[in-house]
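# What the coordinates show
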Amino acid sequence: MDGTVQSSISISNKHEKTRYLFNYSLSSMYRFYSTTTRTIYPSSKPPPDKFLHLCSDGRITEAFRTFNADVYLDPSLYSHLLKSCIQVHSLSLVQQLHSLIITSGCSSTRFVTNHLLNAYVKFGQSKTAVSLFDVMPKKNIMSCNILIGGFVQSGELGKARKVFDEMPERNLATWNAMVAGLTDFEFNEEALRLLSEMRVLGFYPDEFTLGSALRGCAGLKSLNAGCQIHAYAVKSSLEINVVVGSSLAHMYIKSGSLAEGENVIKSMPVHSVAVYNTLITGRAQSGCNEEALHQYHIMKISGFKPDKITFVTVLSSCSQLATLGQGQQIHAEAIKSGATSSVSVLSSLISMYSRCGCFKDSLKAFSETKIQDVVLWSSMIAAYGFHGMGKEAVGLFYQMEKEGLEPNDVTFLSLLYACSHCGLKDQGLKIFDLMIEKYKLAPQLEHYTCVVDLLGRSGRLEEAENVIRSMPVHVKADSIIWKTLLSACRIYKNADMAKRIAEEVIREDPHDSASYVLLSNIQASAKQWHGVSDFRKAMRDRRVKKEPGVSWFEMKNQVHQFCMSDRSHPDSEKIKLYLKELTGEMKLLGYKPDYGSILHDMDLEEKEDDLGQHSEKLAIAFALMNTPDCVPIRVMKNLRVCNDCHVAIKYISEIKKREIIVRDASRFHHFKEGQCSCGDYW
């Protein structure tokens, strides 16, 4: 239910916070690598399809055990196993495969050892990579390129340059990796010298080479060198390339030649505010919000002034990413440009602050405007609802009526959502009737989903099911409305109804992991571990993957991301120790871990350790360790907060005397002095 409601009022819970280790120039190297590996299989027989599927699904052990005979006959299959290890972030499996490669006598196969070398580099194991490289009997250009990429990735440019200088033969990817590495670390003059050297030796720079070199020119503000590269780009027909064109414009602007930069932009397909808006909006609507904000930055440095359409789009991107710092900066730019007189921009500001956890700023933006518009009032009602202030949302609605503003379907959707999450059952049902009888608005599927949620949360499960089955013919039930009822079955532990409703969910969407997880939770709560195993097997058979829980915390304009049991964060060990001590303090105040969400049959110590690794706890612990005592903590999560974490954060807020604001897939939770604003209706 929550997903449908939030998408209907422009709330999205997709947060892709992934940062690539290699820049765009290095991607050309690996593109070459992939092409090379496809053409030098020792065996003419293609890999078994099932083996490839198992590897792509991350089922590495199963793939090896099932096809171990094939692997020994065709060592090139190790490459798929190693790539799968990178995909699932398992260094230990890489090390186990390394041992098997040695014992099977495949360590002299260059194709296999290059993949092994690449795996160690991807995991940041530069020492192991160097040791492997040193004992490789057969090295080629790609072996060296991989090691150079690893050194560049870890900032060891001296070592990268040493490998580069000792190479008897190089290719374009080698030069690209080195030039990009030098410009990334602002050794711009050396990067340009290397560019000249590669031209003397007969190599022709491509778009990646030129993009890196132009960034070096911009860093040096060297207009002369930039103009020479521009001339080469024109001669090579690369001027209109997006990477080269953007880099050229950036170089000219950074070098003080704004007119030349604008001329480059005009020669590209993207050459006006309207076209930029189309590009930014297209990326935002595709879920690529980080790219949308990056394009907004390019738009500004290219000399174009954002208009109200631009501000609405980029503020929405900040909302989706929950990047408060960027949102505040864009707000300042909107004020400076006069765009805040627009209803659409003001509405986006209200939503942005609300979704970034700053409700007071959201209310301030609403209170300061004198514009009477249903869009603004609906946005504010939605903000109240998402922050667990259902009574205030209803009160604002009645005030809106007194002002003579007629509510629309979005207004009622926000109201119903607020009522369902605050236990206002009777009020919610009254508003639903008001929508139909007074305002003659036909409820859509999203409105019925809210009503089902409203009834389900209050324990009226059969009545909720009847609402679904009695909807008008033109309103077809989807998996979300059934999952809403299924979630209520879990809360009230109605296993019989849950099985029946789960069948409806699976019928609508057999690949949605939520129904399997909810049913597994019900079975786990009843300690029916055999049933849990059956559901997990069904997920594997249907290749249904549970979405991993991810939380993030923004500090000093840098986003720190945490996954359950993740060890990739540089402070992971400190965080683990901090949480252990904090859990001890919580227990002294009466905290008891809730094992209901554990889907595995394990002993209590293992269960407690599992609960302690939930992503929101890791993020909150990191925030407590790195922020002043007076600053509220704002953490975002892509999934719903579990029962145990909800209780634990209450204790943490009391012990540490901190206000903790958590945004999950459903709503905001405000924790302060051992209490949560949502009470029992979260």
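Residues numbered from 1 in each chain as written. Predicted model: local features only at pLDDT ≥ 70, side-chain atom pairs only at ≥ 80, totals over all residues. Heavy atoms only, no water.

### Some thoughts on the overall build of the protein chain
The helix and strand tally for the protein chain stands at 37 helices and six strands. Here the protein chain holds 682 residues, and the buried ones make up 52% of them. The contacts of the protein chain with a sequence gap of at least 6 include a subset with a gap of at least 24, amounting to 66%. (Helix = DSSP H or I, 4+ residues; strand = E, 2+ residues; numbered from the N terminus. Buried < 20%, exposed > 50% of the residue type's maximum accessible area, 1.4 Å probe, protein only. Contact = heavy atoms within 4.5 Å.)

### A word on the sheet that holds strand E2 (residues 558-563)
The mixed open sheet is built from six strands, whose spatial order is E2-E1-E3-E4-E5-E6. Both edges of this open sheet fall to E2 and strand E6 (675-676), since each of them pairs with a single strand only. Note that strand E4 (residues 660-663) and strand E5 (residues 668-672) share four bridges and pair antiparallel. The partner of Ile-661 across the bridge, within E5, is His-670. (Pairing = 2+ DSSP bridges.)

### Some words on the pattern of salt bridges
Here the structure, examined in full by the defined rule, presents 20 salt bridges. The salt bridge involving Arg-507 is made with Glu-504; its shortest N-O contact spans 2.7 Å. Of this pair, Arg-507 and Glu-504 both sit in helix H31 (residues 495-508), separated by three residues, roughly a single helical turn. Of the charged contacts, one joins Lys-637 and Glu-616 as a salt bridge, the two residues approaching to 2.9 Å between their closest N and O atoms. Pair noted here: Lys-637 is in strand E3 (residues 633-637) and Glu-616 is in helix H36 (residues 615-626), with a separation of 21 residues, a long-range link. Taken individually, Lys-637 and Glu-616 each receive the classification buried, so the pair is uniform in this respect. Salt bridges sharing common partners tie together Glu-465, Arg-469, Arg-500, Glu-504 and Arg-507. (Salt bridge = Lys/Arg side-chain N within 4 Å of Asp/Glu carboxyl O.)

### Points about the packing of helix H20 (residues 308-321) against helix H22 (residues 343-355)
Here H20 crosses H22 at 10°, and the two axes come no closer than 9 Å. Our classification of the angle between H20 and H22 gives roughly parallel. H22 is crossed by H20, and the crossing has left-handed handedness. Contact residues: Lys-308, Phe-311, Val-312, Leu-315, Ser-316, Cys-318, Ser-319 and Gln-320 in H20; Ser-344, Val-345, Ser-348, Leu-349, Ser-351, Met-352 and Arg-355 in H22. Looking at the contact of H20 with H22 residue by residue, the class counts come to seven nonpolar, six polar and two charged. (Axes fitted to C-alpha atoms, helices over the stretch in contact; angles between N-to-C directions. Parallel < 35°, antiparallel > 145°, perpendicular 65-115°, else oblique. Left-handed = near helix turned anticlockwise from the far one by under 90°. Nonpolar A, V, L, I, M, F, W, Y, C, P; charged D, E, K, R; others polar.)

### Side note on unusual backbone geometry
Here the phi dihedral of His-89 falls at roughly 60°; this positive angle occurs in a residue that is not glycine. Structurally, His-89 can be placed in the loop between helix H6 (78-87) and helix H7 (91-103). For Lys-440, which is not glycine, the phi torsion reads 55° and is therefore positive. In this structure, Lys-440 sits in the loop between helix H27 (425-437) and helix H28 (445-457). Its relative accessible area of 66% is what places Lys-440 among the exposed residues.

### Digging into the nonpolar core
Among the nonpolar cores identified, the biggest contains 70 residues, and Phe-51, Tyr-78, Leu-81, Ile-148 and Ile-229 are the most heavily contacted of them. It is helix H10 (residues 141-153) that contributes the most residues to this core, eight residues altogether. Excluding residues within four positions of it along the chain, Ile-148 makes contact with Ala-160, Val-163, Phe-164, Met-167, Thr-174, Ala-177 and Met-178. The next biggest cluster of nonpolar side chains, apart from the first, holds 68 residues, and it includes Trp-377, Tyr-384, Tyr-448 and Ile-661. (Core = buried A, V, L, I, M, F, W, Y, C linked by side-chain atoms within 4.5 Å.)

### Notes on the pairing of E2
Where strand E1 (residues 550-555) and E2 come together, six bridges link them in antiparallel fashion. Bridge assignment links Trp-552 to a residue of E2, and that residue is Gln-561. The turn linking E1 back onto E2 is made up of two residues, and Lys-556 within it adopts a positive phi angle of 55°.

### Here we look at the pairing of E5
Most of E5 is tucked away, with four of its five residues classed as buried. Hairpin connection from E4 to E5: four residues lie between these consecutive antiparallel strands. One ladder, built from two bridges, connects E5 with E6; its direction is antiparallel. Bridge pairing in E6 places Lys-672 opposite Gln-675.

### What about the packing of aromatic side chains?
This structure, assessed with the given rule, holds 14 aromatic pairs. Plain terms: the ring middles of Phe-164 and Trp-175 are 5.1 Å apart, the flat faces sit at 85° to each other, and that makes the pair edge-to-face. You can see Phe-164 sitting in helix H11 (residues 157-166) and its partner Trp-175 sitting in helix H12 (residues 172-184), a full eleven residues away along the chain. Just as Phe-164 is buried, Trp-175 falls in that class too. Between Phe-553 and Phe-622 the ring centres are 6.3 Å apart and the planes differ by 75°, which places this aromatic pair in the edge-to-face class. Taken together, the residues span a long stretch of sequence, with Phe-553 in strand E1 and Phe-622 in helix H36 at a distance of 69 residues. Residue classification places Phe-553 among the buried residues on the basis of a relative accessible area of 5%. Taken together, the ring pairs in this structure connect Phe-397, Tyr-398, Phe-412 and Tyr-439 into an aromatic cluster. The ring of Phe-133 has Lys-139 sitting right over it, with the charged end atom 5.1 Å from the ring centre. (Phe/Tyr/Trp six-rings, centres within 6.5 Å; stacked < 30°, edge-to-face > 60°. Lys NZ or Arg CZ within 6 Å of the ring centre and 35° of its normal.)

### As for helix H25 (residues 390-402)
Taking 1.5 Å as the rise per residue, H25 with 13 residues should run 18 Å; its terminal C-alpha atoms sit 19 Å apart, in good agreement. Along H25, the residues classified as buried are Gly-390, Ala-393, Val-394, Leu-396, Phe-397 and Met-400. Down the axis of H25, the buried side of the element spans an arc of 160°, and every buried residue falls inside it. Away from its buried face, by an angle of more than 90 degrees, H25 presents the exposed residues Lys-391 and Lys-402. (Expected span 1.5 Å × (residues − 1). Arc of directions from axis to C-beta.)

### A word on the environment of Gly-612
When you line up the elements, Gly-612 lands in the loop between helix H35 (604-611) and H36. In this structure the C-alpha to C-alpha distance between Gly-612 and Cys-645, which are 33 residues apart in sequence, comes to 8.8 Å. Not counting residues within four places of it along the chain, the set of residues in contact with Gly-612 comprises Leu-579, Lys-617 and Leu-618.

### As for the packing of helix H24 (residues 374-386) against H25
Direction vectors running N to C along H24 and H25 enclose 165°, while the axes themselves pass 8 Å from each other. The pairing of H24 with H25 is recorded here as roughly antiparallel in orientation. In this structure, H24 meets H25 at a crossing whose hand is left-handed. Touching Val-374, Trp-377, Met-380, Ile-381, Tyr-384 and Gly-385 of H24 are Glu-392, Ala-393, Leu-396, Phe-397, Gln-399 and Met-400, all from H25. Its residues assigned to classes, the contact of H24 with H25 shows nine nonpolar, two polar and one charged.

### Remarks on the confidence of the model for the protein chain
Close inspection of predicted coordinates is inappropriate in any region flagged by low pLDDT. Residues of the protein chain with pLDDT of at least 70 account for 86%, and the chain-wide mean is 83. Long-range and interchain partners of residues 1-44, a stretch whose pLDDT sits below 50, account for 112 contacts in this model, where long-range means more than four residues apart. (pLDDT = per-residue confidence, 0-100.)

### So, H20
Taking 1.5 Å per residue, 14 residues should reach 20 Å; H20 reaches 20 Å between its end C-alpha atoms and fits that length. With ten of 14 residues buried, H20 is to be regarded as a mostly interior element. By the burial criterion, the buried members of H20 are Thr-310, Phe-311, Thr-313, Val-314, Leu-315, Ser-317, Cys-318, Ser-319, Gln-320 and Leu-321. Looking at where H20 begins, the residue whose side-chain oxygen comes 3.1 Å from the main-chain nitrogen of Ile-309 is Asp-307. Positive phi appears at Ala-322, one or two residues downstream of H20, with a value of about 55°. (Polar contact = N/O pair within 3.5 Å; in protein donor to acceptor, adjacent residues only side chain to side chain.)

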